[in-house]
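Chain by chain, the residues run as shown.
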Amino acid sequence: MIQSATVIGAGSWGTALAALLSWRGLDVQFWGRDAELMAQLRDTRRSSRYLPDLELPKQVRVTSDLAALQPADMLVFVVPSKAMLGTAKLVAQCGAASRAKVLVSCSKGIELETGRRMTELIGSAIPGVPLAVLTGPNHAEEVARQMATAAVVACADAEMAKAVQACFTLPFFRSYTTDDIVGAEWAGAMKNPYAIAAGIAQGLKMGDNTLAALVTRALAEMVRLGVAEGGKVETFYGLSGVGDLMGTCYSEHSRNHRVGMMLGQGRPLDEIISSTRMVAEGVLNTASLHRAAQARGVRMPLLDEINAVLHQGKSPIEGMRALFSRDPRPEAD
Ligand SMILES: NC(=O)C1=CN([C@@H]2O[C@H](COP(=O)(O)OP(=O)(O)OC[C@H]3O[C@@H](n4cnc5c(N)ncnc54)[C@H](OP(=O)(O)O)[C@@H]3O)[C@@H](O)[C@H]2O)C=CC1
Ligand SMILES: O=C(CO)COP(=O)(O)O
């Protein structure tokens, strides 16, 4: 049913997914905004900037020119969340979505100004095409090395979910389906701030007890806000919820975790951000999620402290102290 795909966004994850879909046998086009990087990818089949260990299959057609894209069955959006709406509008204008059967978001974030999910943004720019999400504990670096990985494909239409699942199924890559797009997208966005908190704890040389406490209470917050936003509780206990939360909070690859670690070690946030081109979605998304939680009146003490550290100048150590010295409460509250 789905034979061709266009991957939009040439960071680490887009590069890994372009390779994965090509290994699966799809006819793949790959677009990134930077002409120099895409020329390097076309000529050397490697992205020295984002995923130097991966050799991009020679069949993948690489371009930085949206107008050069042929219509494809599936469009896979993998740009940072803050660039999603603008990019989807450009894709709509160039006609690359004119024959699309499904539009898949692989990005993890919530729009700051409106609280909209990525598929809501894509759907507003390119109306009338079924929407899906690919999410889960999926570090690009490990997918690039074909290390065993599981993911979730979320789509309201069960047949389309199976068609997208088939595209993301390889001997080393196992995907499951769900109809809970809302839960899958909120879960993917929410684990990032908590990965920053886990990194802070490690940067401050706090212990395994601390990390386990943070991850467990993070999951409780994810369930509270995610369900208030309309997600299903079981989604948060699956791969896109606790799976991705653990996969990121304990990860050597996670950019969010790395940002947290450097904050914990005392480096200022602006210096950390300007030291890399890679996106740590949790920095901006902490603000989006904090705003959403306040609008819904959902109690999120851990997220409040992460927001205070990232965006209100609180020191990481003060944030941790504040968290652990709150009034005693029952666990299931
Ligand atoms: N990396 C991973 O393992 C995973 C990432 N994700 C999600 O995928 C999304 C993309 O992340 P990832 O691939 O890691 O990105 P990277 O951090 O590896 O690279 C950033 C990418 O975003 C591009 N970019 C930055 N700003 C803009 C903009 N304004 N307009 C268009 N493109 C822009 C960069 O282009 P340029 O080079 O020109 O600056 C580059 O291609 C994120 O939402 C992330 O959470 C999900 C699962 C796994
Ligand atoms: O989402 C990811 C893995 O599932 C990637 O995490 P980072 O964005 O923190 O690197």
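Not measured: the values here are computed from a predicted model.

### Structural notes on the overall build of the protein
Part 1 of the argument: A count of helical and extended segments in the protein gives 15 helices and 8 strands.
Part 2 of the argument: Its C-alpha atoms give the protein a radius of gyration of 19 Å, near enough to 20 Å, the size a compact globule of 333 residues would have.
Part 3 of the argument: Projected onto the principal axes, the alpha-carbon positions of the protein cover approximately 60 × 40 × 35 Å.

### Some thoughts on the nonpolar core
Part 1 of the argument: Counting 104 residues, the largest nonpolar core has Val7, Leu75, Val76, Phe77, Val104, Ala132 and Val164 as its most contacted members.
Part 2 of the argument: A total of 14 residues in this core trace back to one element, the largest contributor, which is helix α7 (residues 181-203).
Part 3 of the argument: Inspection of this core shows a minimum of three residues originating in each of domain 1 (4-179) and domain 2 (183-324).
Part 4 of the argument: With residues near it in sequence (within four places) discarded, Phe77 still touches Ile8, Gly9, Met84, Ala88, Leu103, Val104, Ser105, Cys106, Ser107 and Ile122.

### A look at the sheet that holds strand β7 (residues 149-155)
Part 1 of the argument: Spatial ordering of the open sheet is given by β3-β2-β1-β4-β5-β6-β7-β8, a layout of 8 strands whose pairing is mixed. Looking at which strands have only one partner, the edges of the open sheet turn out to be β3 (61-63) and β8 (173-178). On average, adjacent strands in this sheet sit at an angle of 20 degrees to one another, irrespective of strand direction.
Part 2 of the argument: Inspection of the sheet shows strand β1 (residues 4-8) paired to strand β2 (residues 27-31) by 5 bridges, in the parallel sense. The residue bridging Ile8 from the neighbouring strand is Trp31, located in β2.
Part 3 of the argument: On top of the sheet, helix α1 (residues 12-23) reaches β1, β2, β4 (74-77) and β8; it is set at about 170 degrees to β1, its chief contact.
Part 4 of the argument: Running at roughly 150 degrees to β7, helix α6 (residues 158-167) makes contact with β1, β4, β5 (102-105), β6 (131-135), β7 and β8 of the sheet.

### Some remarks on the UniProt feature "active site" (unreviewed entry) in the protein
Part 1 of the argument: On the UniProt side, "active site" (unreviewed entry) is annotated at positions that read Lys191 here.
Part 2 of the argument: By secondary structure assignment, the location of Lys191 is in helix α7.
Part 3 of the argument: For Lys191, a count of 33 C-beta atoms within 10 Å corresponds to the buried category.
Part 4 of the argument: Setting aside its immediate chain neighbours within four residues, Lys191 contacts Asp244, Leu245 and Thr248.

### Digging into the environment of Thr87
Part 1 of the argument: Within the secondary structure layout, Thr87 lies in helix α3 (residues 84-94).
Part 2 of the argument: Thr87 sits 35 residues away from Ile122 along the chain, and the two C-alpha atoms are 8.8 Å apart.
Part 3 of the argument: When near neighbours in sequence (up to four residues on either side) are disregarded, Thr87 contacts Ile8 and Val79.

### A look at the environment of Ser240
Part 1 of the argument: Take Ser240: it is sitting in helix α10 (residues 239-249).
Part 2 of the argument: Residues Ser240 and Ala154 lie 86 residues apart in sequence; the distance between their C-alpha atoms is 9.8 Å.
Part 3 of the argument: Not counting residues up to four positions away in its chain, the partners in contact with Ser240 are Thr135, Gly136, Val152, Ala184, Ala187, Gly188 and Thr235.

### Here's the deal with the site of ligand 1
Part 1 of the argument: Taken together, 28 residues form the shell around ligand 1, and within it Gly11, Trp13, Ala83, Ser107 and Met278 come nearest.
Part 2 of the argument: No other element matches the 3 residues that α1 contributes to the shell around ligand 1.
Part 3 of the argument: Residues belonging to the shell around ligand 1 are distributed by class as follows: 12 nonpolar, 11 polar and 5 charged.
Part 4 of the argument: Taken together, domain 1 (4-179) and domain 2 (183-324) each give at least three residues to the shell around ligand 1, which thus spans both.

### What to know about the domain arrangement of the protein
Part 1 of the argument: Structurally, the protein comprises domain 1 (4-179) and domain 2 (183-324).
Part 2 of the argument: If you list the elements that add at least two residues to the side of domain 1 that touches domain 2, you get α4 (118-125), β6, β7 and β8.
Part 3 of the argument: Element by element, the count of residues in the side of domain 1 that touches domain 2 is highest for β7, at 4 residues.
Part 4 of the argument: Class assignment of the residues belonging to the side of domain 1 that touches domain 2 gives a composition of 11 nonpolar, 10 polar and 6 charged.

### Quick notes on the UniProt feature "binding site: substrate" (unreviewed entry) in the protein
Part 1 of the argument: The positions that UniProt labels "binding site: substrate" (unreviewed entry) are, in the present scheme, Lys108, Arg255 and Asn256. Look at the named residues: they lie 149 residues apart in sequence, but the longest C-alpha span between them is just 12.8 Å, so in the fold they bunch up.
Part 2 of the argument: Looking at where Arg255 falls in the secondary structure, it is placed in helix α11 (residues 255-264).
Part 3 of the argument: Not counting the four nearest positions on each side in its chain, Arg255 is found in contact with Met278, Val279 and Ala280.
Part 4 of the argument: Looking at the secondary structure, you find Asn256 in helix α11.
Part 5 of the argument: For Asn256, a count of 27 C-beta atoms within 10 Å translates into the label buried.

### So, α11
Part 1 of the argument: The element α11 is largely enclosed, with a buried count of 9 among its 10 residues.
Part 2 of the argument: Buried residues belonging to α11 abut α7, α10, α12 (269-274), α13 (281-296), α14 (301-311) and α15 (316-324).
Part 3 of the argument: Gly266 sits one or two positions beyond α11 and adopts a positive phi of about 100 degrees.

Definitions and cut-offs
Along each chain, numbering runs from 1 in the same order as the chain's sequence is written. Here the convention is simple: chains get letters from A, ligands get numbers from 1, in the order in which they are written. Restriction of local features to residues with pLDDT of at least 70 applies here, the model being predicted, together with a cutoff of 80 or more for giving and counting side-chain atom pairs; totals for whole chains, interfaces and linings are based on all residues. Helix and strand definitions follow DSSP, with helices as H or I runs of at least four residues and strands as E runs of at least two, each counted in order from the N terminus. When we talk radius of gyration, it's over C-alpha atoms, and the globule rule is simply 2.2 Å times the number of residues to the 0.38. Nonpolar core, as used here: buried Ala, Val, Leu, Ile, Met, Phe, Trp, Tyr and Cys residues forming one set through C-beta atoms within 7 Å. With C-beta atoms placed from the backbone, a residue is labelled by how many other C-beta atoms lie within 10 Å of its own: buried for 20 or more, exposed for 12 or fewer, partly exposed between the two. Residue ranges labeled as domains rest on an automatic or database domain assignment. In this description, any two residues whose backbone-derived C-beta atoms lie within 7 Å of each other are considered to be in contact. Only when DSSP finds a minimum of two bridges between them are two strands counted as paired. Comment: axis = line fitted to C-alpha atoms, over the contacting stretch for helices; angle = value between 0 and 180 degrees taken between N-to-C directions. UniProt positions are given in the numbering used here, feature names are shortened, and annotations may be inferred rather than shown by experiment. The C-beta atom of each residue is placed using the backbone, and any residue whose C-beta lies within 6 Å of a molecule or strand is treated as near it. Following the grouping adopted for this structure description, the nonpolar residues are Ala, Val, Leu, Ile, Met, Phe, Trp, Tyr, Cys and Pro, the charged ones are Asp, Glu, Lys and Arg, and the polar ones are all others, Gly among them.

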